[in-house]
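Observations on chain architecture
Listed here are the chains, written in short residue letters.
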Amino acid sequence: MASIFTKIINGEIPCYKIAEDENFFAFLDINPNAKGHTLCVPKKEVDRIMDLDEETYLGLMAFSRKVGKAIEASINCNRVGITVIGLEVPHVHVHLIPLNEMKEATFQHKVAPAKEEFMAIADKIRSKIE
Ligand code: 5GP
């Protein structure tokens, strides 16, 4: 069965999209640790990051760097942190989390932007993608 992220990539489930290329897709996390928390996923559906072929792994990191730089340029944060977990959704994804405090890296601290704010955040990040 297709993962929830494959359904997002295919447009079957809505998302606040940030960026897309031939192999990768970025969108806002629906339950963010901080405003601007973004997920970068390979279109190829693989569960564990260590099972990615090297080219896809390196491509995902390069794509995540591009998106992360746009987050740092648009969201008020000290820096963007990178985390890979995958215990909830079995489709590789890189968490890009704008960090000001350690608690934002813990996944115990959540924020809940309204729909309009999610849209505004996505617009701001998209505008800085190079
Ligand atoms: P992990 O698998 O790394 O533990 O976490 C999965 C992440 O995906 C969580 O941060 C969760 O909020 C996010 N997530 C789960 N389902 C959806 C969804 O349908 N849409 C979006 N945008 N994010 C989701």
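In what follows, the structure referred to is the one given above.
Anyway, here's the lowdown on the structure attached to this text. Remember, predicted model here, so these are calculated numbers, not experimental data.

Here's the deal with the environment of Asp29
Tracing the sequence through the fold places Asp29 in the loop between strand 2 (24–28) and strand 3 (38–42). Expressed as a C-alpha distance, the spacing of Asp29 and His95, which sit 66 residues apart in the sequence, is 8.2 Å. Residues contacting Asp29, with those up to four places away along its chain left out, are His37, Thr38, Leu39, His95 and Phe118.

With respect to the site of the ligand
Residues in contact with the ligand amount to 16 residues; listed here are only the nearest, Asp29, Gly86, Glu88, His93 and His95. Contacts to the ligand include Asp29, whose side-chain N or O atom sits 2.5 Å from an oxygen atom. Expressed as a share of its isolated accessible area of 520 Å², the protein-covered part of the ligand is 89%. The leading source of residues in the shell around the ligand is helix 1 (residues 4–9), at three residues. When its residues are assigned to classes, the shell around the ligand shows 10 nonpolar, four polar and two charged.

Considerations on the sheet that holds strand 4 (residues 79–83)
The five strands lie next to each other as 1-2-3-5-4, forming an open sheet whose pairing is antiparallel. Edge strands, defined here as strands with exactly one partner in the open sheet, are strand 1 (17–20) and strand 4. Adjacent strand axes in the sheet meet at a mean angle of 20°, parallel and antiparallel pairs treated alike. When strand 4 meets strand 5 (residues 94–99), the two strands line up antiparallel, connected through five bridges. Considered in strand 5, the bridge of Ile82 is made with Leu96. This element, helix 2 (residues 54–74), spans strand 1, strand 2, strand 3, strand 4 and strand 5 of the sheet and lies at about 155° to strand 3. Where helix 3 (residues 115–127) meets the sheet, its contacts fall on strand 1, strand 2 and strand 3, and the angle it forms with strand 1 comes to roughly 30°.

Topic: the side chain of His95
Within the element layout of this structure, His95 appears in strand 5. When its relative accessible area of 6% is taken as the criterion, His95 is described as buried. Only 2.8 Å separates the side chain of His95 from the side chain of His37, close enough to count as a polar contact. Excluding its chain neighbours within four sequence positions, the residues that come into contact with His95 are Asp29, His37, Thr38, Leu39, Gly81, Ile82, Thr83, Ile85 and Phe107.

Rules and cut-offs
- Residues numbered from 1 in each chain as written.
- Predicted model: local features only at pLDDT ≥ 70, side-chain atom pairs only at ≥ 80, totals over all residues.
- Heavy atoms only, no water.
- Helix = DSSP H or I, 4+ residues; strand = E, 2+ residues; numbered from the N terminus.
- Contact = heavy atoms within 4.5 Å.
- Near = heavy atom within 4 Å.
- Polar contact = N/O pair within 3.5 Å; in protein donor to acceptor, adjacent residues only side chain to side chain.
- Areas by Shrake-Rupley, 256 points an atom, 1.4 Å probe, with all protein chains shown as cover.
- Nonpolar A, V, L, I, M, F, W, Y, C, P; charged D, E, K, R; others polar.
- Pairing = 2+ DSSP bridges.
- Axes fitted to C-alpha atoms, helices over the stretch in contact; angles between N-to-C directions.
- Buried < 20%, exposed > 50% of the residue type's maximum accessible area, 1.4 Å probe, protein only.

Treat this as a map of the structure, not an account of what it does.
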